[in-house]
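# Structural features, examined
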Amino acid sequence: MRQRERIEDWAPGRAFEFLLLRAFQLEGARVVWPYVSALEQIDGGIYVDGLACLVEAKDHAEPIGFDAIARLALRMQRRPAPALGLLFSTSGFTWPALKAVTAHPIRNVLLWNDTDISLALNHGMRSALRRKWRGAVEAGALDHPLHKEDFR
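A few points on the structure. Every value quoted in this text rests on a predicted model; they were computed, and no experiment measured them. (Residues numbered from 1 in each chain as written. Predicted model: local features only at pLDDT ≥ 70, side-chain atom pairs only at ≥ 80, totals over all residues. Heavy atoms only, no water.)

Moving on to the overall build of the chain. A count of helices and strands for the chain gives five helices and five strands. Written out in order from the N terminus, the α and β elements of the chain read α-β-β-β-α-β-α-β-α-α. Radius of gyration (C-alpha) of the chain: 15 Å, near the 15 Å computed for a compact globule of 152 residues. Projected onto its principal axes, the C-alpha coordinates of the chain cover approximately 40 × 40 × 35 Å. Counting every position in the chain, which comprises 152 residues, the buried fraction comes to 44%. Surface exposure of the chain reaches about 8,700 Å², of which carbon and sulfur atoms provide 53%. Of the side-chain charges in the chain, 20 are positive and 18 negative, and the distance between the mean point of each set is 5 Å. (Helix = DSSP H or I, 4+ residues; strand = E, 2+ residues; numbered from the N terminus. Rg over C-alpha atoms; globule rule 2.2 N^0.38 Å. Buried < 20%, exposed > 50% of the residue type's maximum accessible area, 1.4 Å probe, protein only. Areas by Shrake-Rupley, 256 points an atom, 1.4 Å probe, with all protein chains shown as cover. Lys, Arg positive; Asp, Glu negative; His and termini not counted. Charge placed at Lys NZ, Arg CZ, Asp CG, Glu CD.)

What follows is the structure in C-alpha cells.
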C-alpha cells in the first residue's frame, strides 16, 4: 500500500485533485478549478477534445463503493446529456460497485482506478480519456481498463 502524506494547509485529497486537473491543463485542456457551485461539491471541470467533463477525485485507502458513483451520476443528470463525469479513485472500486454499474442505467460516468491513473499520468491524460471514452462507446464499459498498448 502506498503511503499517504498530507500537504500542510491542504485539505485531505486536495493535492490529488489538483494533480489530475493540472495534468489535463498542461496538455491543453481548459480547466475549471476550484469548481464553485452553491448546490453541490465538485472537484473540477475540464473541457478537452470536444468533451465537457466534471471531475471527482477520491484518494482513499479503501476501494470506493457504489454510493460515490451514484452521487456523481445524479450530478450528471442535472447537466446536458453529452456532459461526462470522471471518477478517479486511487484505491479502485469494490466488486459490488462495479457489478452495480453494469446493472444500473449509468452511462455518463467513467471510472478510473489506480492503474488507469498511473498510465494516464505517464502517457497522456488526453489520450487516456479518449481511450476510456471509446471503450464506453464501443463496449458499454464505464470502467474500461487502460493498458500500455493503448498508448502506442
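Next up on the list: the pattern of salt bridges. Enumeration over the complete set of coordinates arrives at ten salt bridges. Notably, a salt bridge pairs Arg126 with Asp49, separated by 2.3 Å at the nearest N-O pair. A residue pair is termed long-range when its members are at least 10 positions apart, and Arg126 in helix α5 (residues 125-139) and Asp49 in the loop between β2 (44-48) and β3 (51-58) qualify at 77 residues. Assessed through its relative accessible area of 37%, Asp49 is described here as partly exposed. Arg130 serves as the salt-bridge partner of Asp49, at 2.8 Å between the closest nitrogen and oxygen. Of this pair, Asp49 sits in the loop between β2 and β3 while Arg130 sits in helix α5, and the two are 81 residues apart along the sequence. Each of Glu40, Arg78 and Arg79 takes part in a single network of salt bridges with overlapping partners. (Salt bridge = Lys/Arg side-chain N within 4 Å of Asp/Glu carboxyl O.)

Turning to the pairing of β2, a few remarks are in order. Walk down a regular strand and you will see the side chains alternate between the two sheet faces. For β2, a buried count of four out of five residues is recorded, marking the element as mostly surrounded by other parts of the structure. Examined bridge by bridge, strand β1 (residues 30-32) and β2 share three bridges and lie antiparallel to one another. For Val32, the partnering residue across the bridge sits in β2 and is Gly45. Where β2 lies against β3, five bridges are found, and the strand directions are antiparallel. Bridge pairing in β3 places Gly44 opposite Val55. (Pairing = 2+ DSSP bridges.)

Under the definition given, this model contains two aromatic pairs. Between Phe18 and Trp33, the aromatic rings sit 5.0 Å apart at their centres with planes inclined by 55 degrees, giving tilted as the arrangement. One end of the pair, Phe18, is in helix α1 (residues 14-26); the other, Trp33, is in the loop between β1 and β2, and 15 residues separate them in sequence. Sitting over the face of the ring of Trp112, Lys132 holds its NZ or CZ atom 5.4 Å from the ring centroid. (Phe/Tyr/Trp six-rings, centres within 6.5 Å; stacked < 30°, edge-to-face > 60°. Lys NZ or Arg CZ within 6 Å of the ring centre and 35° of its normal.)

The next point concerns the pairing of β3. In terms of residue burial, β3 counts as a mostly covered element, since seven of its eight residues are buried. Where β2 folds back on β3, the antiparallel hairpin that results is connected by two residues, among which Asp49 adopts a positive phi of roughly 50 degrees. Between β3 and its parallel partner strand β4 (residues 84-89), the chain crosses via helix α2 (residues 66-77), and the hand of that crossover is right-handed. (Right-handed = clockwise from strand over helix to strand, strands pointing away.)

For α1, spanning 13 residues, the distance from its first C-alpha to its last is 18 Å, which sits close to the expected 18 Å at 1.5 Å a residue. Every buried residue belonging to α1 is among Phe16, Glu17, Leu20, Leu21, Ala23 and Phe24, and all of these are buried. On an axial view of α1, the arc spanned by its buried residues comes to 150 degrees, and they lie on one face. Buried residues along α1 sit in contact with β1, β2, β3, β4, α4 (114-123) and α5. (Expected span 1.5 Å × (residues − 1). Arc of directions from axis to C-beta. Contact = heavy atoms within 4.5 Å.)

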